[in-house]
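# Structural overview for review
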Amino acid sequence: MFCSFVSCICGDDVRSKNWSEIASQIKFTYDEVADFHLQYEGYLPDTIIKQADAILLGYPLQYPVMKAYTLWNDLLVYEPVTRPTGPAMSWSMHAINHLDIGNPREAAENFNRSYQPYIRGPFHVWCELQKPATGARNFLTGAGGFLQAVLYGYAGFRVYLDRLQIRGRYLQELSVVDIAVTAQGVQYLGALITVRQTMEKSEIIVTHLDQALVIEFGDGNVATDVVLNKVYPLSRGAIATIRAKSNPYHGCDLPKDVIGY
């Protein structure tokens, strides 16, 4: 249970709070016929919703039994009924989930929706509501969603308790504007990592290390030590995994029942 894991790290015993029992009663409502997750029990399709909710089972929750076509159905159901007066964060999450199931055009459309109607000049600060309305100024939820779409969408990062993963994207839509997506100096367990994604290649470079890390590519080969400044190419759709050689959590066991673990 994640709360027990956190309590171990923090040195606080929370077993009396019955978090495991509470967690065991959480359920996800699912329509087996239409193959999509219901916003809530009794939800009827075409009912307007405020923001991204059910589609968050894909990203950021990374629900482990989620199938690509189920996530696609979730997006198809909720994208047209998410009200335009909702927060920008919704469209960022739609963009990431579209990228994960191989829909670059839909991802680009939602990525643009996540910032173009919300930013205001001269400093391109996010506002809560789309133009011409304003709402809260310097709306960090919208800005944070946009950054997640860059890092966890187009740059391909995923952070887990025991590893960092990077997905090879090969972003076809970038060919139109002849640009690349580069995430430089991303920190993970003291390492600094650069990832570059273009339509022709995907590559990883580790430019700093505080401790020994290993990297593997899900190709059946054993993990090897990360070498500083070495360019690691990543095949289209492949996933590179970087992790510590030993448990970095000082004797606290990783939970086995974390969604997305």
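Residues numbered from 1 in each chain as written. Predicted model: local features only at pLDDT ≥ 70, side-chain atom pairs only at ≥ 80, totals over all residues. Heavy atoms only, no water.

### Thoughts on the sheet that holds strand 6 (residues 164-167)
Taken together, five strands build an open sheet; the order of strands is 5-6-13-10-11 and the sheet is antiparallel. In the strand order of this sheet, the two ends are held by strand 5 (157-159) and strand 11 (224-225), each with one partner. Relative to strand 13 (residues 239-244), strand 6 runs antiparallel, the two sharing four bridges. By the bridge assignment, I166 is partnered in strand 13 with A240. (Pairing = 2+ DSSP bridges. Helix = DSSP H or I, 4+ residues; strand = E, 2+ residues; numbered from the N terminus.)

### Regarding the sheet that holds strand 12 (residues 231-233)
Pairing is antiparallel in the open sheet, where four strands are placed in the order 7-8-9-12. The strands lining the two open edges of the sheet, one partner per strand, are strand 7 (181-188) and strand 12. Looking at each pair of strands side by side, their axes are set apart by 20 degrees on average, direction ignored. (Axes fitted to C-alpha atoms, helices over the stretch in contact; angles between N-to-C directions.)

### Quick look at helix 6 (residues 140-154)
Structurally, the α-helix is built with 3.6 residues per turn, so residues lying three or four positions apart point the same way. The terminal C-alpha atoms of helix 6 lie 20 Å apart, and with 15 residues this matches the ideal 21 Å at 1.5 Å per residue to within 8%. Within helix 6, the full set of buried residues consists of G142, A143, G145, F146, A149, G153 and Y154. In the core, the buried residues of helix 6 are packed alongside helix 4 (89-100), helix 5 (104-113), strand 4 (125-126), strand 7 and strand 8 (191-197). Two residues or fewer past helix 6, G156 is found with a positive phi of approximately 85 degrees. (Expected span 1.5 Å × (residues − 1). Buried < 20%, exposed > 50% of the residue type's maximum accessible area, 1.4 Å probe, protein only. Contact = heavy atoms within 4.5 Å.)

### Brief notes about the pattern of salt bridges
Overall, the coordinates contain eleven salt bridges when judged by the stated rule. With a closest N to O distance of 3.2 Å, R105 and E106 form a salt bridge. The class of R105 is exposed, set by a relative accessible area of 53%. Judged by relative accessible area, E106 falls into the buried class, the value being 16%. Members of the salt-bridge network, linked through shared partners, are D100, R158, R167 and R169. (Salt bridge = Lys/Arg side-chain N within 4 Å of Asp/Glu carboxyl O.)

### Side note on the domain arrangement of the chain
One can read the domain layout of the chain as domain 1 (32-153) and domain 2 (164-260). With ten residues of domain 1 at the contact, the number on the domain 2 side is seven residues. Interface of domain 1 and domain 2: buried area, both sides summed, is about 730 Å²; carbon and sulfur atoms make up 56% of it. When the area that domain 1 buries against domain 2 is broken down by residue, the three leading residues are L61, L99 and D100, summing to 38%. With its nearest N and O atoms 3.3 Å apart, the salt bridge here joins D100 to R167. Elements represented by at least two residues in the side of domain 1 that touches domain 2 include exactly helix 4 and helix 6. Sort the elements by how many residues they give to the side of domain 1 that touches domain 2 and helix 6 lands first, with three residues. In the side of domain 1 that touches domain 2, the residues fall into seven nonpolar, two polar and one charged. (Domains from an automatic or database assignment. Buried area = accessible area lost by both parts, 1.4 Å probe. Nonpolar A, V, L, I, M, F, W, Y, C, P; charged D, E, K, R; others polar.)

### Considering the state of the cysteines
Under the definition given, this model contains one disulfide. Put simply, C8 and C252 are joined by a disulfide, and their sulfur atoms are 2.0 Å apart. The chirality of the disulfide connecting C8 with C252 is left-handed, given an S-S dihedral of about -85 degrees. On the criterion of sequence distance, the pair formed by C8 in helix 1 (residues 2-10) and C252 in the segment after strand 13 is long-range, its members being 244 residues apart. (Disulfide = S-S within 2.5 Å.)

### So, the side chain of D35
Tracing the chain through its elements places D35 in the loop between strand 1 (30-31) and strand 2 (36-37). Of the buried charged residues, D35 lacks a salt bridge, with K67 as the closest side chain of opposite charge at 7.4 Å. Polar side-chain contacts of D35 include one of 2.9 Å to the side chain of T70. If near-sequence neighbours (up to four positions away) are discounted, D35 is found in contact with Y30, Y69, T70 and N73. (Lys, Arg positive; Asp, Glu negative; His and termini not counted. Polar contact = N/O pair within 3.5 Å; in protein donor to acceptor, adjacent residues only side chain to side chain.)

### Brief notes about the pairing of strand 6
Consecutive side chains along a regular strand alternate between the two faces of the sheet. Every second residue of strand 6 is oriented toward a common face, with L164 and I166 on one face and Q165 and R167 on the other, all of them buried. Relative to strand 6, strand 5 runs antiparallel, the two being bridged by three bridges. Across the sheet, the residue bridging to F157 is I166, located in strand 6. Linking strand 5 to strand 6, which pair antiparallel, is a turn of four residues.

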